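# Observations on the three-dimensional arrangement
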Amino acid sequence: MEDYLNEKEQWERLLTGLREQAPWMLAGVAVVAAGFGGWHYWQVRTEHRSLEAAARYSQALDAFTRNDLTGGMKIADDLVKDFGGTAYSDQANLAAARVQAENQQLDAAAARLSQVLQSTGDHELALIARLRLARVQLGQGKPDEAIKTLDAVDAGAFAARYAELHGDALLAKGDREGALKQYRAARANGADTIDPGLLDLKINELAHS
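I will try to describe carefully the structure that is included in this document. Throughout this description, residue numbers start from 1 for each chain and increase along the sequence as written. Totals for whole chains, interfaces and linings use all residues, but because this is a predicted model, local features are given only for residues with pLDDT of at least 70 and pairs of side-chain atoms are given and counted only at 80 or more. As a convention, hydrogens and water are excluded, and side-chain values are obtained from all of the structure's heavy atoms.

It is worth spelling out the packing of aromatic side chains at this point. Between rings of Phe, Tyr and Trp, where Trp is taken as its six-membered ring, a pair exists when centres lie within 6.5 Å; planes separated by under 30 degrees are stacked, by over 60 edge-to-face, and by other angles tilted. Tallying each qualifying case throughout the model produces one aromatic pair. Judged by centre distance (6.1 Å) and plane angle (50°), the ring pair of tyrosine 57 and tyrosine 88 falls under tilted. Residue tyrosine 57 is located in helix α1 (residues 2-65), and its partner tyrosine 88 is located in helix α3 (residues 87-102); the two are separated by 31 residues in the primary sequence. Secondary structure elements follow DSSP: runs of H or I no shorter than four residues count as helices, runs of E no shorter than two count as strands, and numbering proceeds from the N terminus.

Once that is clear, we can look at the pattern of salt bridges. Counted as salt bridges are all cases of a side-chain nitrogen of Lys or Arg within 4 Å of a carboxyl oxygen of Asp or Glu. Summed over all chains, the structure comprises ten salt bridges. The partner of aspartate 82 in a salt bridge is arginine 56, with the nearest N and O atoms 2.7 Å apart. Of this pair, aspartate 82 sits in helix α2 (residues 69-82) while arginine 56 sits in helix α1, and the two are 26 residues apart along the sequence. By relative accessible area, which is 19% here, arginine 56 ends up buried. With a shortest N-O distance of 2.7 Å, aspartate 144 and lysine 173 are connected by a salt bridge. Of this pair, aspartate 144 sits in helix α6 (residues 143-151) while lysine 173 sits in the loop between α7 (159-172) and α8 (176-188), and the two are 29 residues apart along the sequence. The class of aspartate 144 is partly exposed, set by a relative accessible area of 49%. Owing to a relative accessible area of 43%, lysine 173 belongs among the partly exposed residues under this scheme. A single network of salt bridges, built from pairs that share partners, joins Glu52, Arg56 and Asp82. Exposure classes here rest on a 1.4 Å probe applied to the protein chains alone. A residue is buried below 20% of its type maximum, exposed above 50%, and partly exposed in between.

What follows is the structure in structure tokens.
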């Protein structure tokens, strides 16, 4: 009988404890539920923004393909404004800068590429933007700035392209020996250049002149 009473007392104590702790337990559940709901909302909102940015980027590329430069630039600018700091805003700036460079709007292209360098957290994308910026600077007649841009980082997988453009910049300054050294370095780094055949022509021309 005593064992029965002890078990009954223990059970009653347990129920009493649960009643006392119930408000705190419910509050904890509510906090967890609110946190999950907030995370779910953030995830949905992020996915929605990503899809919208992707759609606008596609529209910008389509406009550029149709040679609608004005329309493409406006879409790209709006994308950068509304989705700044995202991968799509950086890609939009790269695409717009390429179109501007092809149309000799070099100052505008340089500004966009510099913006990409400041905003992107993607190391490889930054290397591409830096290479294009140096090419634009060379087109602007600023070989010293192009060299400074190229020398600012370790080119990694883009070493051959960086070396070739460095050679172009040195050649523009009249440094044929330095240019040949850079071209040979580009060749030694492999065939990761835009046009390996053109690189060989550059090397042969300087080596035999």
